[in-house]
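Tertiary structure, described
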Amino acid sequence: GPPPQEIFLQSSVGQGETFENHAKPKHVLSIGDPQAPTYLRLKTIALSRLEGGARVLDHVAGTQWHGAPMALLQREMLNHSIGLGVFKGVVNDGSPVAADLRLETFVDDLSVDLTKNPAVARLRITALFWDNKSQSLLRQKAFHFETPIKAQTPMDIQESFKDLLDQYLKALGEWMVG
């Protein structure tokens, strides 16, 4: 059959809205590799559907992520955080640059849900914001976004995930700065 259609996990927010009236940036932020269950780390796009009244976990046929989904998500969070303009630097975990703040994320859901009408794309992430020096948790928040999928074409699915990512990155930026 034809090769799977690649779905991009990309926001339109890009570099995020800069917080103009913010003090001169003094913190370096490290963004950890997003943690997720194995089935969400695969290039196949997770799907839940009903079969005989029971919810079944499957994957969206004929599509796959453009790359490793957690690496794509980390790149989007990194680019967005740089664009906020409130950090002296933003690096990936494992960078030789010493970061005094760390963002850890746990992805609980990144999927298409056909059990709803209309179908939805869903993103559920728990974020933890740490002070690396004191090893103390500054704050934590669970983010949960759903957006309807117009039709179940690969382009509609990609557009819905773009909307989810836009909503998440905007909320994440506001939360980190707040």
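Please refer to the structure placed before this passage.
Small disclaimer: the values here were computed from a predicted structure and weren't measured.

1. Digging into the pattern of salt bridges
- Counting across every chain of the model gives 14 salt bridges.
- One salt bridge in this structure joins Glu174 and Lys170, with 2.8 Å as the shortest N-O distance. Taken together, the residues Glu174 and Lys170, both in helix α3 (residues 154–177) and 4 residues apart, mark about one turn of the helix.
- Residue Glu174 is classed as partly exposed on the basis of its relative accessible area of 39%.
- For Lys170, a relative accessible area of 41% corresponds to the partly exposed category.
- Through salt bridges that share partners, Arg55, Asp109, Asp113, Lys116, Arg122, Arg124 and Glu146 make up one connected network.

2. Details of the packing of aromatic side chains
- Counted under the stated rule, the structure contains 5 aromatic pairs.
- Taking 5.0 Å as the distance between ring centres and 70° as the angle between the ring planes, the aromatic pair formed by Trp65 and Phe161 counts as edge-to-face. Residue Trp65 is located in strand β5 (residues 63–65), and its partner Phe161 is located in helix α3; the two are separated by 96 residues in the primary sequence. Exposure class is identical for Trp65 and Phe161. Each is buried.
- By way of ring pairs, the aromatic residues Phe129, Phe143, Phe145, Tyr168 and Trp175 are connected into one cluster.
- Stacked on the ring of Trp175, the Lys or Arg Arg139 has its end atom at 5.6 Å from the ring centre.

About the thresholds
- Residues numbered from 1 in each chain as written.
- Predicted model: local features only at pLDDT ≥ 70, side-chain atom pairs only at ≥ 80, totals over all residues.
- Heavy atoms only, no water.
- Salt bridge = Lys/Arg side-chain N within 4 Å of Asp/Glu carboxyl O.
- Helix = DSSP H or I, 4+ residues; strand = E, 2+ residues; numbered from the N terminus.
- Buried < 20%, exposed > 50% of the residue type's maximum accessible area, 1.4 Å probe, protein only.
- Phe/Tyr/Trp six-rings, centres within 6.5 Å; stacked < 30°, edge-to-face > 60°.
- Lys NZ or Arg CZ within 6 Å of the ring centre and 35° of its normal.

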